[in-house]
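Chain and residue survey
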Amino acid sequence: MNSTASRTGNTLRPVAKDQAKAALQQLLQGFRRFRQEVYPQQQALFKRLASAQAPSAMFITCADSRIVPELITQSDPGTLFVTRNVGNVVPPYGQMNGGVSTAIEYAVLALGVQHIIVCGHSDCGAMKAVLNPASLDGMPTVRAWLRHAEVARSVVADNCNCGSSHETLGVLTEENVVAQLDHLRTHPSVAARLASGQLQIHGWVYDIDSGSIRAYDAASGNFLALDGDEQPCATPQPRYASA
């Protein structure tokens, strides 16, 4: 018997119901550990954060449960302004004034972040769906959302002589990050701060298996190891930076 979210009429089967209860209990136990053990050790930090935030970076990444920006970057609460969605998508400005666009504008103009990071990841279900649109049958909202990754799919289809589906997925994941960086630069608040040198943008791909990150380097057009000898840079040269 398949016990994953199976139903009989409107009633969950006993095994699935027990699994759901256990999952909730795990979350509640985690909260209790936080409240009793973690919070007391960092109480001073949370007191400072209670009335204001001043994050240095905005982190736009996938909603995938395996991606935890604060863990990957070892950041304390209050350091990252995080936005998550299926496929780490950044809609071009004006096409969809939804949550991502609103968050970008707020992060740049209200919070004054100095960096915006667009982070994709290995084994991305969204990128797999872009390569296999039939898998989105019955999910019209997801299908519409992932049209913002269509430019990356076209680049890969026309230019990549990939030898395997795994290689194709990896290249698509990188090209999607580059495409979303291009979309990011269409946002007026971002364009203005980039031109003045007050903002830097970064494109990362996180590998779940190895824990490594490759970052986009605009000058070479390649993704380079973030912890390598060279410092990858995706930020265009500022045109109005003060001397």
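See the structure shown above.
The paragraphs below set out a description of the structure included in this document. (Residues numbered from 1 in each chain as written. Predicted model: local features only at pLDDT ≥ 70, side-chain atom pairs only at ≥ 80, totals over all residues. Heavy atoms only, no water.)

One non-glycine residue, Gln-74, lies in the positive phi region at around 50 degrees. Summarising the element assignment, Gln-74 is placed in the loop between α3 (69–73) and β4 (80–85). Take Gln-74: its relative accessible area is 63%, and that puts it in the exposed class. Even without being glycine, Asp-123 reaches a positive phi, approximately 55 degrees. (Helix = DSSP H or I, 4+ residues; strand = E, 2+ residues; numbered from the N terminus. Buried < 20%, exposed > 50% of the residue type's maximum accessible area, 1.4 Å probe, protein only.)

It is worth spelling out helix α9 (residues 188–196) at this point. Turning to α9, its buried residues number three or more, namely Ser-189, Val-190, Leu-194 and Ala-195. Where α9 is buried, its residues touch α4 (99–110), β5 (115–121), α8 (165–184) and β6 (200–206). (Contact = heavy atoms within 4.5 Å.)

Moving on, we come to the layout of surface pockets. In this structure, the largest pocket spans a volume of roughly 230 Å³. Lining the largest pocket we find 13 residues, and of these His-121, Ser-122, Gly-170, Val-205 and Asp-207 sit closest to its centre. Among the elements that make up the lining of the largest pocket, the one with the highest residue count is α8 (5 residues). Taken together, the residues of the lining of the largest pocket sort by class into 3 nonpolar, 6 polar and 4 charged. (1 Å grid on protein atoms, 1.4 Å probe; cavity = no way out; pocket = protein on both sides within 12 Å on 5 of 7 lines; lining within 4 Å. Points joined across faces, edges and corners; volume = space filled by probe spheres on them. Nonpolar A, V, L, I, M, F, W, Y, C, P; charged D, E, K, R; others polar.)

Let us look at the environment of Gly-99. When you line up the elements, Gly-99 lands in helix α4. Using a relative accessible area of 56% as the deciding quantity, one classes Gly-99 as exposed. Taking the C-alpha atoms as reference points, Gly-99 and Arg-84, separated by 15 residues in sequence, lie 9.8 Å from one another.

Moving on to the pairing of β6. The side chains of a regular strand alternate, residue by residue, between the two faces of the sheet. Burial within β6 is extensive, with 6 of its 7 residues counted as buried. Bridging between β6 and strand β7 (residues 213–217) involves 3 bridges; their strand directions are antiparallel. Residue pairing across strands places Tyr-206 opposite Ile-213, the latter belonging to β7. Taking the residues that link successive antiparallel strands as the turn, the β6-β7 hairpin has 6 residues, and the phi of Gly-211 there is positive, at about 75 degrees. (Pairing = 2+ DSSP bridges.)

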